[in-house]
Amino acid sequence: MNIVVIGGGIIGTSCAAFLAERGATVTVVDADKPRFGTSIGNAGHVVVSHSIPFAAPGMVKSGLRSLLTQDGAFALSNRPGQGTLDWLMGFARRCTEANVATFHPGLEAVLKRSAELLLSDGALDINTRGLWQVFTGAGASERAEREAGHMRTHGVSVRDIDEAELRAEPGLTDNVNAAIELTDDLGLDPALLWMRMRQRGEDAGARWVTGVVTDVRSSPTVRTADGDVTLDADAVILAAGAWSPAVARSLDVDLPIRAAKGYSVTLPRTDTAPTRPMLLMDQRTAVNPLSDGLRLSARYEITTPDDRDIVQHRIPALIDRARIALDLPTAPESVQPWTGVRPASIDGAPYIGRLPQRGAQPVFVATGHGMIGTAMAAGTADLMTRLVYAEQISDAEARLGPQRLFA
Ligand SMILES: Cc1cc2nc3c(=O)[nH]c(=O)nc-3n(C[C@H](O)[C@H](O)[C@H](O)COP(=O)(O)OP(=O)(O)OC[C@H]3O[C@@H](n4cnc5c(N)ncnc54)[C@H](O)[C@@H]3O)c2cc1C
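A quick note: this is a predicted structure, and the numbers were derived from the prediction, not measured. (Residues numbered from 1 in each chain as written. Predicted model: local features only at pLDDT ≥ 70, side-chain atom pairs only at ≥ 80, totals over all residues.)

> What's the story with the overall build of the protein in this structure? I'm lost.
Along its length, the protein carries 12 helices and 20 strands. Structurally, the protein occupies a C-alpha span of about 60 × 40 × 40 Å along its principal axes. Of all 407 residues assigned to the protein, the portion counted as buried reaches 47%. Across the protein, the fraction of contacts at a sequence separation of at least 24, relative to all contacts at a separation of at least 6, is 80%. (Helix = DSSP H or I, 4+ residues; strand = E, 2+ residues; numbered from the N terminus. Buried ≥ 20, exposed ≤ 12 C-beta atoms within 10 Å, placed from the backbone. Contact = placed C-beta atoms within 7 Å.)

Pasting the structure below:
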């Protein structure tokens with residue numbers, strides 16, 4: 001089977017690897033240098049715990065509160081793109097228990113499968129010490145307890161951290177008063193994961209083409225530096241992240257996905273860095289100790305997909321916020337700020353499945369993974385392989401399909 005994958009981020013690359021290993025002839029088309037994309041500089045948390053869709057009760061209130069805060073976690077850029085108000089209102093309407101009930105089982109299944117697949121790939125360096133959610137200031141213990149209870153009701157494996165263990169973890173300041181451990185969560189370097197998936201794809205015969213896919217109604221048409229090329233395809237997989245709606249438009253499909261920009265910075269390694277991935281809950285900052293330094297990342301700013309602007313004061317603000325909970329070097333020099341755009345779906349769950357046939361060949365989508373694309377990539381590729389080969393999928397997995405857009 002000839003398969004064209006549009007987009008070589010972690011989702012497209014993982015799908016390519018799994019399908020090529022299954023025996024398909026796979027071509028990945030990517031517009032740019034995907035290794036500099038969203039899938040590379042992110043926090044690298046494999047959050048099996050994040051099986052509650054992003055559109056959930058409480059999100060509207062916390063989003064509005066954040067909008068009113070300088071440097072809040074959620075923001076609107078000054079060029080949010082056309083249709084953003086409708087998207088935001090649609091998102092707000094979906095922040096319900098019913099939305100959680102619809103998508104939680106599928107997200108849980110794909111996330112758990114992802115972690116299993118990553119752990120069984122002996123070539124990956126994975127931090128298996130669990131992810132700590134860290135709380136600072138007054139009322140930290142109560143908030144930690146509440147969060148643990150909330151997680152446990154959704155089947156997440158949580159371990160309480162006592163005072164002795166908290167103080168034994170390097171790199172935390174005295175402002176940290178409580179933590180809980182999400183025991184099944186993992187940490188990794190997302191760039192190394194992407195390289196590993198690309199290597200697996202290439203080893204299995206997948207090839208990469210540089211160009212922009214402009215149309216998928218007939219054979220996929222790719223604009224390359226040498227002119228337009230059409231590719232043979234028995235099936236197409238659309239995995240173009242935040243740019244997916246632009247490609248879907250050639251099929252008259254309206255994919256309700258917005259770009260949600262975030263920042264990261266990787267500080268030089270010190271002897272006192274934390275030993276495990278963390279979420280600083282009160283600073284809304286993700287932390288990951290990588291082999292080349294300590295990565296901090298934050299912010300969820302609705303914008304246009306091509307917005308790569310790094311607002312300069314955001315990086316010192318990000319480091320200063322993290323410093324409340326972490327012992328960081330006083331004035332880290334020569335840090336390279338990074339920004340990327342998450343593909344954020346209107347109901348907080350990805351679209352993984354087949355679109356209604358509108359063109360010459362079947363088109364599948366694997367996009368809209370928002371905050372959890374790295375975590376879901378291997379499980380998404382596994383599910384996509386079963387979909388393409390018309391094998392069994394569960395009801396919970398089927399609910400992640402794009403048919404919900406056409407109901
Ligand atoms: C600050 C930050 C922190 C994050 N932390 C985490 C985390 O800890 N854990 C986690 O799981 N996730 C995290 N994420 C989310 C994660 O990075 C994304 O969900 C994931 O990278 C999305 O992958 P993707 O392959 O769908 O998209 P992308 O990586 O954006 O890839 C899409 C690709 O499609 C290509 N493309 C676009 N249009 C076309 C076209 N017309 N033709 C050909 N190619 C095209 C682009 O060049 C791009 O390479 C974070 C994101 C950010 C911004």
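Back to the write-up after that little detour.
> Sorry, what's going on with the sheet that holds strand β12 (residues 227-230) here?
Whenever strands of a sheet pair, they do so through backbone hydrogen bonds, lying parallel or antiparallel. Spatial ordering of the open sheet is given by β10-β11-β12, a layout of 3 strands whose pairing is antiparallel. Strands at the two margins of the open sheet, each flanked by one partner only, are β10 (212-215) and β12. Between one strand axis and the next, the sheet turns through 35° on average, direction left out of account. Of the strand pairs in this sheet, strand β11 (residues 221-224) and β12 are connected by 4 bridges, and their pairing is antiparallel. Paired with arginine 223 across the bridge in β12 is aspartate 228. (Pairing = 2+ DSSP bridges. Axes fitted to C-alpha atoms, helices over the stretch in contact; angles between N-to-C directions.)

> Looking at this structure, I do not really get the sheet that holds strand β1 (residues 2-6). What am I missing?
Taken in spatial order, the 6 strands line up as β9-β2-β1-β13-β20-β19 in an open sheet, and their pairing is mixed. For this open sheet the edge positions go to β9 (207-210) and β19 (351-354), each flanked by a neighbour on one side alone. Direction aside, neighbouring strands of the sheet carry axes that sit 20° apart on average. Those strands touched by helix α1 (residues 10-21) are β1, β2 (25-30), β13 (235-238) and β20 (363-367), and its axis lies near 170° from that of β2.

> I tried to follow the nonpolar core on my own but got confused; where do I start?
Proteins that are soluble and globular tend to have nonpolar side chains buried together. With 113 residues, the main nonpolar core has Val5, Ile6, Cys15, Val134, Ile237, Leu238 and Met384 as its most contacted residues. Ranked by residue count, the leading element in this core is helix α11 (residues 373-388), at 9 residues. Not counting residues up to four positions away in its chain, the partners in contact with valine 134 are Leu172, Val176, Ala179, Met278, Leu279, Leu280, Met281 and Ala325. (Core = buried A, V, L, I, M, F, W, Y, C linked by C-beta atoms within 7 Å.)

> Which parts of the structure should I look at to understand the site of the ligand?
Contacts to the ligand come from 43 residues, most closely from Gly7, Gly9, Gly241, Gly262 and Gly373. Of all the elements in the fold, those that place two or more residues in the shell around the ligand are α1, β2, α2 (38-41), β10, β14 (257-267), β18 (338-345) and α11. Per-class residue counts for the shell around the ligand are 20 nonpolar, 20 polar and 3 charged. (Near = placed C-beta within 6 Å. Nonpolar A, V, L, I, M, F, W, Y, C, P; charged D, E, K, R; others polar.)

> What am I meant to see in the packing of helix α5 (residues 97-119) against α11 here?
Axis angle and axis distance: for two packed helices, these are the angle between their axes and the distance between the axes, and together they describe the pair. Viewed as axis vectors pointing N to C, α5 and α11 meet at an angle of 100°, and their least axial separation amounts to 7 Å. It follows from the interaxial angle that α5 and α11 lie roughly perpendicular. Each of Val110, Leu111, Arg113, Ser114, Leu117 and Leu118 in α5 lies in contact with α11, whose residues at this interface are Ala375, Met376, Ala377, Ala378, Gly379, Thr380, Asp382 and Leu383. Tallied by class, residues from the contact of α5 with α11 come to 9 nonpolar, 3 polar and 2 charged. (Parallel < 35°, antiparallel > 145°, perpendicular 65-115°, else oblique.)

> Teacher, can you tell me more about the packing of α1 against α11 here?
Axis separation between α1 and α11 bottoms out at 8 Å; the angle between their running directions is 40°. One way to sum up the angle between α1 and α11 is to call them oblique. Between α1 and α11 lies a crossing whose hand is right-handed. On α11, the residues touching Ile10, Ile11, Ser14, Cys15, Ala17, Phe18 and Leu19 of α1 are Gly373, Thr374, Ala377, Ala378, Thr380, Ala381, Asp382, Met384, Thr385 and Val388. (Left-handed = near helix turned anticlockwise from the far one by under 90°.)

> Would you mind showing me how to read the environment of proline 274 here?
Here proline 274 is to be found in the loop between β14 and β15 (278-280). With 20 C-beta atoms packed within 10 Å, proline 274 lands in the buried category. When the C-alpha positions of proline 274 and aspartate 71 are compared, they lie 24 Å apart, and in sequence the two are 203 residues distant. Sequence-distant contacts of proline 274, defined by excluding residues within four places in its chain, comprise Glu169, Pro170, Gly171, Leu172, Val287 and Pro289.

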